[in-house]
Amino acid sequence: MNMSKRIVGLTGGGSDGWDVFYKARKMVDDGVAVTELTIGEHDIRTDQSILDAMHRSASGGHTGYAMVPGTDSLRDAVAARLTARTGVHTTRNNVLITPGGQSALFASHHAVCDEGDVALYCDPYYATYPGTLRSVGAVPRAVPCLPENAFQPAFADIAAKSSGAKSLLVNSPNNPTGVVYTRETVEGIARACREYDMWCISDEVYDTQVWEGTHISPRTLEGMAERTLVVGSMSKSHAMTGSRVGWIVGPKDVIANLITLATHTTYGVPGYIQDAAVFALGEGLALEEKVGAPFRRRRAIGQAILAEQNVVGLVPSSGAMYMMLDMRATELTGEGFAEKLLDTHKIAVMPGESFGSSAAGHVRVAMTVDDDAFATALKTIVDFAKEIQP
Ligand code: PMP
């Protein structure tokens, strides 16, 4: 029996660039001590206070079907958060609660792209993006963001790819680069969306992890609220990756249609998870800072180590839980360096090529091991690069 072309073709064929990751996992399974700096997951677990709130809700009976759009209290909490942080008046009618940011990315594109529509995304990109765009029948088209522009998507780069495109997917703070878009970049994004009549899908799941600069949502710019869908999540901000709770914020009519989509797909998010999210958001900045503190600390540790040498370059690190290292002085590809590093020093990093061709010759380091192990790993990476550079 033939499966649909849509599902068989989801990854677009070819290697997914995750070979080093799988190899490292296999080594760990075989009992080898590997320092894993690969995936974006905290080394702390969900805060006990959030788990207590989850437990109170579940034992209090909130285990049945929850309202499909999300509970009123969580939609209100998300709306209040967005209003407070962006100044754009937002109500629960602008909010759909989703099972995580990933499903929000899928639903957002489902809402704005028809079969065969061109959907833009910025390269380097979060690994699932092209597949997510294909899964709704859209045709992914990359906007190369170059290392010489610190991986910021410039207006001219976007405009060069915008003809006939229906949507533009942007992500700041950025995974994999750790870059926070500047005001000029966000203004360029808004201008391109207005001039080429595109929807903007703004992936803001790292919005609480800003180490330098300011997070500016494209939704705040003139003429953008009616054409922007903001994707948010509790995964990164509150170390709730396994709870699968996120949201889409956008125009009311889009949200109304997305609720219909949710009725026919996810049928909502568990009520006790949503109650835990309401609790967590209610704890405000203090809890977000507690969750983000290890990354802020390790970024400073990493910057100090990298400042003492000039073989390994550091892409301006301003946000999220990653550092992007420029390994081009070794004359190896990111993949080549990552493989040698794993084989020689049992340190696993992600090749830049896993995130698109613009990040070739780079590796992404997740700041997700304790401070000492992180410092040791970075020093080893630097020493190894010095040793093997031609
Ligand atoms: N967007 C980006 C940029 C991410 O890095 C991730 C997770 N790594 C997601 C979206 C999805 O996160 P979640 O589904 O856990 O909310």
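Each remark here, short or long, concerns the structure printed above.
Below is a short write-up of the structure. What you see is a predicted model, and the numbers here were worked out from it, not measured in a lab. (Residues numbered from 1 in each chain as written. Predicted model: local features only at pLDDT ≥ 70, side-chain atom pairs only at ≥ 80, totals over all residues. Heavy atoms only, no water.)

**Overview of the pairing of strand E4 (residues 139-144)**
So, step 1. Sheet analysis places strand E3 (residues 118-123) next to E4, joined by six bridges and oriented parallel. Within E4, the residue paired with Tyr121 across the bridge is Ala142.
So, step 2. Handedness of the crossover joining E3 and E4 through helix H6 (residues 129-135) is recorded here as right-handed. (Pairing = 2+ DSSP bridges. Helix = DSSP H or I, 4+ residues; strand = E, 2+ residues; numbered from the N terminus. Right-handed = clockwise from strand over helix to strand, strands pointing away.)

**Considerations on the site of the ligand**
So, step 1. Gly101, Asp203, Ser233, Ser235 and Arg244 are the nearest of the 15 residues found near the ligand.
So, step 2. Take Lys236: an N or O atom from its side chain is 2.9 Å from a nitrogen atom of the ligand.
So, step 3. Between the ligand and Arg244 there is a distance of 2.7 Å, counted from an oxygen atom to a side-chain nitrogen or oxygen.
So, step 4. Alone, the ligand offers 400 Å² of accessible surface; in the complex the protein occludes 92% of this.
So, step 5. Among the detected pockets, the ligand sits in the second largest pocket.
So, step 6. Counting residues per element, the shell around the ligand draws most heavily on helix H5 (residues 100-112), at four residues.
So, step 7. For the shell around the ligand, the residue count by class is five nonpolar, seven polar and three charged. (Near = heavy atom within 4 Å. Polar contact = N/O pair within 3.5 Å; in protein donor to acceptor, adjacent residues only side chain to side chain. Areas by Shrake-Rupley, 256 points an atom, 1.4 Å probe, with all protein chains shown as cover. 1 Å grid on protein atoms, 1.4 Å probe; cavity = no way out; pocket = protein on both sides within 12 Å on 5 of 7 lines; lining within 4 Å. Sits in = over half its atoms within 2 Å of the grid points. Nonpolar A, V, L, I, M, F, W, Y, C, P; charged D, E, K, R; others polar.)

**Some thoughts on the state of the cysteines**
So, step 1. Inspection of every chain in the model, using the stated rule, returns zero disulfides.
So, step 2. Cysteine Cys193 shares no disulfide, and the gap to the nearest cysteine sulfur, in Cys200, comes to 4.4 Å.
So, step 3. On the accessibility criterion, Cys193 (0% relative accessible area) is buried. (Disulfide = S-S within 2.5 Å. Buried < 20%, exposed > 50% of the residue type's maximum accessible area, 1.4 Å probe, protein only.)

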